[in-house]
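A look at the structure
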Amino acid sequence: RWIWLNWKMSSKLSKNQLEKFSRQIILKDIGILGQKKILNSRVLIIGMGGLGCPVAEFLTRSGVGSLGIVDHDIVGLSNIHRQTLYDEKDLGKLKVKAAKKKLIGINSKTKINIHNFKLDKKKFIKIIKKYDYIIDGTDNFETKFLINDISLKYKKFLVTGAISKFDGHIFTFNFSNKKDPCLRCFYQEETISDDILNCEYEGILGTIAGIIGTMQANEILKKILNIGKNLNSYILIFDLLNLNFRKVKFNKRKKCICN
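Please read these numbers as outputs of a predicted model, since none were measured by experiment. (Residues numbered from 1 in each chain as written. Predicted model: local features only at pLDDT ≥ 70, side-chain atom pairs only at ≥ 80, totals over all residues. Heavy atoms only, no water.)

Digging into the overall build of the chain
Along the chain, the regular secondary structure elements total 11 helices and 8 strands. Computed over C-alpha atoms, the radius of gyration of the chain comes to 18 Å, within 12% of the 18 Å expected from 2.2 N^0.38 for 259 residues, which places it in the range of a compact globule. Here the C-alpha coordinates of the chain stretch approximately 60 × 45 × 40 Å along the principal axes. Here the chain holds 259 residues, and 51% of them are scored as buried. The long-range share in the chain, meaning contacts at least 24 apart out of those at least 6 apart in sequence, stands at 64%. Split by element, the accessible area of the chain, about 13900 Å² in all, is 52% carbon and sulfur. When the 46 basic and 24 acidic side-chain charges of the chain are each reduced to a single mean position, those positions are 12 Å apart. (Helix = DSSP H or I, 4+ residues; strand = E, 2+ residues; numbered from the N terminus. Rg over C-alpha atoms; globule rule 2.2 N^0.38 Å. Buried < 20%, exposed > 50% of the residue type's maximum accessible area, 1.4 Å probe, protein only. Contact = heavy atoms within 4.5 Å. Areas by Shrake-Rupley, 256 points an atom, 1.4 Å probe, with all protein chains shown as cover. Lys, Arg positive; Asp, Glu negative; His and termini not counted. Charge placed at Lys NZ, Arg CZ, Asp CG, Glu CD.)

Here's the deal with the state of the cysteines
Here the structure, examined in full by the defined rule, presents 0 disulfides. Between Cys185, a free cysteine, and Cys258, which holds the nearest cysteine sulfur, the sulfur-to-sulfur gap is 3.5 Å. Cysteine Cys256 remains unbridged, with the sulfur of Cys182 as its closest cysteine sulfur at 3.4 Å. (Disulfide = S-S within 2.5 Å.)

Considerations on empty space enclosed by the protein
Within this structure, the stated rule accounts for 1 cavity of 30 Å³ or more. Forming the walls of the largest cavity are Asn16, Gln17, Lys20, Phe21, Leu39, Asn107 and Lys109. With 3 residues, the top contributor of residues to the lining of the largest cavity is helix H2 (residues 15-20). (1 Å grid on protein atoms, 1.4 Å probe; cavity = no way out; pocket = protein on both sides within 12 Å on 5 of 7 lines; lining within 4 Å. Points joined across faces, edges and corners; volume = space filled by probe spheres on them.)

Here we look at the environment of Lys111
Inspection of the secondary structure assignment puts Lys111 in strand S3 (residues 111-115). Separated by 48 residues in the primary sequence, Lys111 and Gly63 have C-alpha atoms spaced 10.0 Å apart. The residues contacting Lys111, other than those within four sequence positions of it, are Gly65, Ser66 and Leu67.

A few points about helix H8 (residues 141-153)
When the terminal C-alpha atoms of H8 are compared, their 18 Å separation across 13 residues agrees well with the 18 Å that a helix rising 1.5 Å per residue should span. Taken residue by residue, H8 has Phe141, Thr143, Lys144, Phe145, Leu146, Ile147, Asn148, Asp149, Ile150, Ser151 and Leu152 as its buried positions. On its buried face, H8 is in contact with strand S1 (42-46), helix H7 (121-128), strand S4 (133-136), strand S5 (157-164) and helix H9 (183-186). Within two residues after H8, Lys155 carries a phi angle of roughly 55°, on the positive side. (Expected span 1.5 Å × (residues − 1).)

Digging into unusual backbone geometry
Non-glycine residue Ser233 carries a positive phi angle of around 75°. In this fold, Ser233 is placed in the loop between helix H11 (206-225) and strand S7 (234-239).

Structural notes on a nonpolar patch on the surface
Judged by side-chain polarity, Phe166, Leu205 and Leu241 come together as a nonpolar surface patch covering roughly 270 Å² of accessible area. The residue Phe166 is located in the loop between S5 and strand S6 (167-174) in this model. (Patch = residues over 30% accessible without salt bridge, like charges linked within 9 Å, V, L, I, M, F, W, Y side chains within 5 Å. Salt bridge = Lys/Arg side-chain N within 4 Å of Asp/Glu carboxyl O.)

Things to note about the nonpolar core
Ranked by internal contacts, the top residues of the largest apolar core, which has 39 residues, are Val43, Met48, Leu59, Leu67 and Ile220. When residues of this core are traced back to their parent elements, those giving at least two are S1, helix H5 (52-62), strand S2 (66-70), helix H6 (95-106), S4, S5, H11 and S7. Not counting residues up to four positions away in its chain, the partners in contact with Val43 are Leu59, Val64, Ser66, Leu67, Gly68, Tyr131, Tyr133, Ile135, Ile220 and Ile224. In terms of nonpolar packing, the next biggest core, distinct from the first, is built from 28 residues, Ile147, Phe171, Cys182 and Leu183 among them. (Core = buried A, V, L, I, M, F, W, Y, C linked by side-chain atoms within 4.5 Å.)

Side note on the side chain of Thr160
Structurally, Thr160 is set in strand S5. Sequence-distant contacts of Thr160, that is, excluding residues within four places in its chain, are made with Asp136, Lys144, His169, Ile170, Phe171, Phe173 and Gln216.

Comments concerning the packing of H5 against H11
Between H5 and H11, the shortest axis-to-axis distance is 8 Å and the interhelical angle comes to 40°. Between H5 and H11, the crossing angle belongs to the class labelled oblique. The chirality of how H5 crosses H11 is right-handed. For the pair H5 and H11, the contacting residues are Pro54, Val55, Phe58, Leu59 and Ser62 in the first and Ala209, Gly210, Gly213, Thr214, Gln216, Ala217, Ile220 and Leu221 in the second. Split into classes, the residues belonging to the contact of H5 with H11 amount to 8 nonpolar, 5 polar and no charged. (Axes fitted to C-alpha atoms, helices over the stretch in contact; angles between N-to-C directions. Parallel < 35°, antiparallel > 145°, perpendicular 65-115°, else oblique. Left-handed = near helix turned anticlockwise from the far one by under 90°. Nonpolar A, V, L, I, M, F, W, Y, C, P; charged D, E, K, R; others polar.)

Interpretation note: all reported values are geometric properties and have no functional meaning in isolation.
As structure tokens, this is what we get:
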């Protein structure tokens, strides 16, 4: 009855949408208005690997209106154990095209925009204006710093994740707030090895990717809905082998580009 009465007050949600998202809408922190925010949101995911797949899947299931996915790679056999949108029938296919097909099957109303290229500064600037929220699911620091710098320039909300072995961590950056630090404030070394992010060398348990990616999606939804606590100025660190979890504060550097 509660859902039906609220549906009558909302001409923009169809009966199909009410039923599909009913378990979200019934939450007092979401409701009809919150679901509308999700339906009108525009999210860009960079990297359709172990992190990007669960992010894309759960944001699509939640009803995000427009989802951009960026990747230039093809599906390989070693991807399948942790990249949840692909199966053996997708081997050799472009990740963005295989992912789009799966996502449309989950929610045909979410607009999936595929960007089949290797991200660089020029390409990123060209597409970033179309999105409100950015998710970094990449596995190298050069790209992570590029995503950080351009998101900062355009004052976008950014969620960054990384995984290795049995570990993961998440940052959120609200770049509309000039007081908050950025990714470069945390990684203060001039040169950082990508080996610590590279599953090929370090290895990764597939479930770790799913857990961290799902939490990245959760942070985006919280921001869209403007609910709960955020991780601004903190890093959330997971040791999922020993079940140790830490939230560590870090400060803005005086000589950082974010000043």
